[in-house]
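Observations on the model geometry
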Amino acid sequence: MPKETETRMIVIAPSSSVTPDQITRLIHTLNTEVTVKETCYGAMVEGGKEEVARVLDAVRKLDPNRIFTKVRGFPIGDARRCRAHHGSRPGFTQLEKEWECLSLIEKGVASAEKGEVTAEAPRRKRITIDELKRIVEETE
Amino acid sequence: MIKIAQLSCGTEYSGVQSEIEKAATTVGAKMVFPDVEASEIDKAVEEFGFTPTSAQLKLMIARAMAITDGRYDADAVFISSCFRCAEAALIRNELRRYVQEHSRLPVVTYSFTERTKSGQLLTRMEALVTIVERKELLARERQVGLTAGIDSGSSTTKAMIMRDNVIIGKFWHPTGEVVGSAEEALDKALAEAGVKRSELEAIGVTGYGRYTIGKKLNCQLIQEELTTNSKGAVWLADRQKGEATIIDIGGMDNKAITVRDGIPDNFTMGGICAGASGRFLELTAKRLKVDITELGALADRGDARKVPMNSYCSIFGIQDLVTSLAAGQTIEDVAAAACQSVADQVYEQQLQEIDVRQPVIQVGGTSLISGLVKAVGNVVGSKPIVPPNSQYIGSVGAALLSSGFLEGHR
Amino acid sequence: MKVFIMPPNSLILYDLVERYGHTPLSLMGAISKRVMNPEIESPPINVTPNDVKKGLKYAGIEVPSGIRGRLAIWGPLVDEAEASIIMEDAPFEFGCVGCHRTDEMVRFLVKKRKIPLLEVRYPTSEDEAKVLVSKIKAFLEGLK
């Protein structure tokens, strides 16, 4: 195995039509030495850092704005983080939440690519005591 | 394999997760993390009614509900969080209550530091496993046949001989060399009972030295003191049915156990501070130049409120007592203050981790110190029951439970 | 540039930092180095009691061990960072980032470093998501 290895999670946004199976099949056709495992959210790949980067480039091309990736702390199938062994670890819940949010982020990425300028809505402020007092008096 | 559900925050980052798992594995159990969907978490928190800011605590709530709703199968529950974290301490205790109200699973809570080692957790885990695995044995209410129980404590070793639910011999003395002390106590108890060791049908052993003694004497039952003492206490107090709280202030550590029909469902053990143990009273007796057996009666006549104590510590607290003596307080008042100090600390450190259920049964060697029983009564709101032979609970429990191994007896 | 992300295990931030040409400093990266170490002392994430002691650099002994242990790993990441993106109000701070007190402390440590910092809010609508990504993109592209 190459010296510097990396494990990556590839996560498909809920709005994408790419399937985990498509990703793993694509990786198999790339003829690399990375290990790949299909998961419910996409896939995990593991191998030499540069090789993994090449694989990620190819995978992203399937749906650039809807495929996301981050590094994973534990190697694939590590018993210390295996769901079947202990039940799900807290990080799994986090991934579920972020996955839900990817549909929004995807729109953001597309918009940023186009260079759209979206005005930020002003943050809501608390009303003043005087205002509150006025409303109370009016409601009485 | 017994599944102990872990509801916790901070174990991995405190470096104690492996210690927790090691303790569980040693007693034949495994730690599991109840599966919950992200979407269930907010709902669970809302239903629970307490919204912590830290997300991990929210997850703990959702996981607890997955267990109590029967969506996740577990045999026992271990609730744990970092020592000194106020937010987690509130959740830990309220979740413990919730799990107890909504299930019949045994629960133990623990607040850890980075120094927590598996050894500290072992007795707790062993008790959880015993409660799950030996339900039938723990349901035993009568001792049958001729059996012996040995309780190898940190301060004293006790032995008890029982025949057909009657105590026929007993002996206790300070613990020296573990096996030697146990054998001597056993032989003296046998002599009182007028039976030979070879006649014994079973021996049960509990307490710190249980593994060494159990192996040496070929004991049928080697069991931690939480479940054994519970059985002994309810047998001695004749409170086998219903609820009760057992308080055992020991030489080195204290136990507070709540039971339902003689079986523990929640317990705490503490052993960090000598100021909260029988040792504190021994030191006090020494400074007062009285025998420990006289301390209780002295305390009964004194008024703890007259002696200001700034510390529970066995060094600084004793210093406070000495200063009070020098300032002219009576030894009765000082003895009472010492007893109250121990009771207060047990209340603050341990009784907060369980919900005290009446009646309170006070046991162990320190229950013979009447002033301490009175002081415990002050903090729990009613005078505890001190059954006869209350210092023998461990050995009674061991003799009673070991008789469960006798074939042909019911 | 090395960009510290907060929450430090966020998929979204990790991806965006990389997408726009920088190196994310993440918790997973730090954990990976620990768990791939052949000398595992304290599974699962190999934070040892000694690490928790190292956390004393960032917080005193009266601070719970879980906070000091987290700071022992995140603190050095903040020290190493050349820029940072902090996302507030993320609804998914579970797992490694489950302790809110630690999160507050880490935000403070980042601010004390006085490195280029972008503070954004977790989006609740499409428009907010667009603002979020465009801000992040502009920030990252502006880093030299």
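These numbers come from a predicted model, not from an experiment.

1. Thoughts on the domain arrangement of chain B
Residues and elements named next belong to chain B. Split into domains, chain B comes out as domain 1 (2–133), domain 2 (148–226 + 396–405) and domain 3 (239–386). Each side of the interface is counted separately: domain 1 has five residues, and domain 2 has seven residues. Summed over both sides, the interface between domain 1 and domain 2 buries roughly 480 Å², with carbon and sulfur atoms accounting for 55% of that surface. The largest contributions to the domain 1 side of the interface with domain 2 come from Thr123, Glu126 and Thr130, which together make up 75% of the buried area. Linking domain 1 with domain 2 are one salt bridge. Between arginine 210 and glutamate 126 there is a salt bridge; the shortest N-O distance is 2.7 Å.

2. Details of the nonpolar core
Of all hydrophobic cores here, the largest spans 78 residues; its most connected members are Ile4, Phe78, Leu95 and Met125 of chain B. Those residues in contact with methionine 125 of chain B, other than ones at most four positions away along the chain, are Ile4, Ile20, Ala23, Ala24, Val27, Met31 and Phe78 of chain B. Grouped together as the second largest cluster of nonpolar side chains are 37 residues, Ile76 and Leu102 of chain A together with Ile85 and Phe139 of chain C included.

3. Here's the deal with the sheet that holds strand 4 (residues 117–121) of chain C
Residue and element names in this part refer to chain C. Pairing within the open sheet is parallel, and its four strands lie in the order 2-1-3-4. Of all the strands in the sheet, just strand 2 (23–25) and strand 4 have a single pairing partner and so form its edges. With strand direction ignored, the average angle separating the axes of adjacent strands in the sheet is 25°. Contacts between helix 4 (residues 65–80) and the sheet are confined to strand 1 (2–6) and strand 2, with strand 1 contributing the most and set at about 140° to the helix.

4. A look at the pairing of strand 4 (residues 107–112) of chain B
Residues and elements named next belong to chain B. The element strand 4 is extensively covered by neighbouring structure, given that five of its six residues are classed as buried. For the handedness criterion, the β-α-β arrangement of strand 3 (residues 76–82), helix 4 (residues 86–102) and strand 4 is classed as right-handed. Sheet analysis places strand 4 next to strand 12 (residues 263–270), joined by two bridges and oriented parallel. Within strand 12, the residue paired with valine 107 across the bridge is asparagine 266.

5. Concerning the confidence of the model for chain B
With 99% of its residues at a pLDDT of 70 or more, chain B shows a mean pLDDT of 91. Across the assembled chains, the prediction reports ipTM 0.91 with pTM 0.86.

6. Quick word on helix 4 of chain B
Across its 17 residues, helix 4 of chain B extends 24 Å between first and last C-alpha, which sits within 8% of the 24 Å expected from 1.5 Å per residue. Listed as buried for helix 4 of chain B are Glu87, Ala88, Ile91, Arg92, Asn93, Leu95, Arg96, Tyr98, Val99 and Gln100 of chain B.

7. Let's talk about the packing of helix 11 (residues 292–301) of chain B against helix 14 (residues 370–380) of chain B
Residues and elements named next belong to chain B. One can describe the packing of helix 11 onto helix 14 by two numbers: an axis separation of 6 Å at closest approach and a directional angle of 50°. With respect to each other, helix 11 and helix 14 are oriented oblique. Each of Gly296, Ala297, Ala299 and Asp300 in helix 11 lies in contact with helix 14, whose residues at this interface are Ser370, Gly371 and Lys374. For the contact of helix 11 with helix 14, the per-class residue count stands at two nonpolar, three polar and two charged.

8. Remarks on the interface of chain A and chain C
Counting from both sides, the interface comprises 40 residues of chain A and, opposite them, 42 residues of chain C. Of the roughly 3,400 Å² buried between chain A and chain C, counting both surfaces, carbon and sulfur atoms make up 63%. Considering only the side of chain A, the residues that lose the most area to chain C are Arg80, Gln94 and Glu98 of chain A, jointly responsible for 17% of the buried surface there. The interface formed by chain A and chain C contains five salt bridges. With a shortest N-O distance of 3.8 Å, glutamate 18 of chain C and arginine 60 of chain A are connected by a salt bridge. Applying the counting rule to chain A against chain C returns 13 residue pairs in polar contact (both at pLDDT 80 or more). Counting residues per element, the side of chain A that touches chain C draws most heavily on helix 4 (residues 90–114) of chain A, at 17 residues. Within the side of chain A that touches chain C, the residues separate by chemical class into 16 nonpolar, 10 polar and 14 charged.

9. Observations regarding a nonpolar patch on the surface
Together, Ile127, Leu132, Ile135 and Val136 of chain A make up an exposed nonpolar region whose accessible area comes to about 320 Å². Within the secondary structure layout, leucine 132 of chain A lies in helix 5 (residues 129–139).

10. Considering the packing of helix 12 (residues 316–326) of chain B against helix 13 (residues 331–349) of chain B
All names here are of chain B. Contact geometry for helix 12 and helix 13: axes closest at 10 Å, N-to-C directions at 160°. Considered as vectors, helix 12 and helix 13 are oriented roughly antiparallel to each other. Judged by the sense of rotation from one axis to the other, the crossing of helix 12 with helix 13 is right-handed. In this structure, helix 12 contributes Leu321, Ser324 and Leu325 to the contact, and helix 13 contributes Ile331, Val334, Ala337 and Ala338.

11. Observations regarding the pattern of salt bridges
All names here are of chain C. For the structure on display, the rule yields 47 salt bridges over all chains. In this structure, the salt-bridge partner of arginine 19 is aspartate 15, at a minimum N-O distance of 2.8 Å. Of this pair, arginine 19 and aspartate 15 both sit in helix 1 (residues 11–19), four residues apart, which is roughly one turn of that helix. Taking the relative accessible area as the measure of exposure, aspartate 15 reaches 0% and is therefore buried. The closest approach of N and O atoms between aspartate 79 and lysine 57, which form a salt bridge, is 3.2 Å. Of this pair, aspartate 79 sits in helix 4 while lysine 57 sits in the loop between helix 3 (49–54) and helix 4, placing them 22 residues apart in sequence.

12. Concerning empty space enclosed by the protein
Scanning all chains against the criterion turns up two cavities of 30 Å³ or more. Here the largest cavity is characterised by a volume of approximately 70 Å³. Taken together, Cys9, Ser54, Leu57, Ser81, Cys82, Cys85, Glu87 and Ala88 of chain B together with Pro64, Ile67, Arg70 and Cys99 of chain C make up the full set of residues lining the largest cavity. If you list the elements that add at least two residues to the lining of the largest cavity, you get strand 3 and helix 4 of chain B together with helix 4 of chain C. Grouping the amino acids of the lining of the largest cavity by side-chain chemistry returns eight nonpolar, two polar and two charged. If you go around the second largest cavity, the residues you meet are Thr5, Glu6, Thr7, Arg72 and Gly73 of chain A together with Ser32 and Met36 of chain C. Of all the elements, strand 1 (residues 5–12) of chain A adds the most residues to the lining of the second largest cavity, at three residues. Residue classes in the lining of the second largest cavity are distributed as one nonpolar, four polar and two charged.

Conventions adopted
- Residues numbered from 1 in each chain as written.
- Chains lettered and ligands numbered in written order.
- Predicted model: local features only at pLDDT ≥ 70, side-chain atom pairs only at ≥ 80, totals over all residues.
- Heavy atoms only, no water.
- Domains from an automatic or database assignment.
- Contact = heavy atoms within 4.5 Å.
- Buried area = accessible area lost by both parts, 1.4 Å probe.
- Salt bridge = Lys/Arg side-chain N within 4 Å of Asp/Glu carboxyl O.
- Core = buried A, V, L, I, M, F, W, Y, C linked by side-chain atoms within 4.5 Å.
- Buried < 20%, exposed > 50% of the residue type's maximum accessible area, 1.4 Å probe, protein only.
- Pairing = 2+ DSSP bridges.
- Helix = DSSP H or I, 4+ residues; strand = E, 2+ residues; numbered from the N terminus.
- Axes fitted to C-alpha atoms, helices over the stretch in contact; angles between N-to-C directions.
- Right-handed = clockwise from strand over helix to strand, strands pointing away.
- pLDDT = per-residue confidence, 0-100.
- Expected span 1.5 Å × (residues − 1).
- Parallel < 35°, antiparallel > 145°, perpendicular 65-115°, else oblique.
- Nonpolar A, V, L, I, M, F, W, Y, C, P; charged D, E, K, R; others polar.
- Polar contact = N/O pair within 3.5 Å; in protein donor to acceptor, adjacent residues only side chain to side chain.
- Patch = residues over 30% accessible without salt bridge, like charges linked within 9 Å, V, L, I, M, F, W, Y side chains within 5 Å.
- Areas by Shrake-Rupley, 256 points an atom, 1.4 Å probe, with all protein chains shown as cover.
- Left-handed = near helix turned anticlockwise from the far one by under 90°.
- 1 Å grid on protein atoms, 1.4 Å probe; cavity = no way out; pocket = protein on both sides within 12 Å on 5 of 7 lines; lining within 4 Å.
- Points joined across faces, edges and corners; volume = space filled by probe spheres on them.

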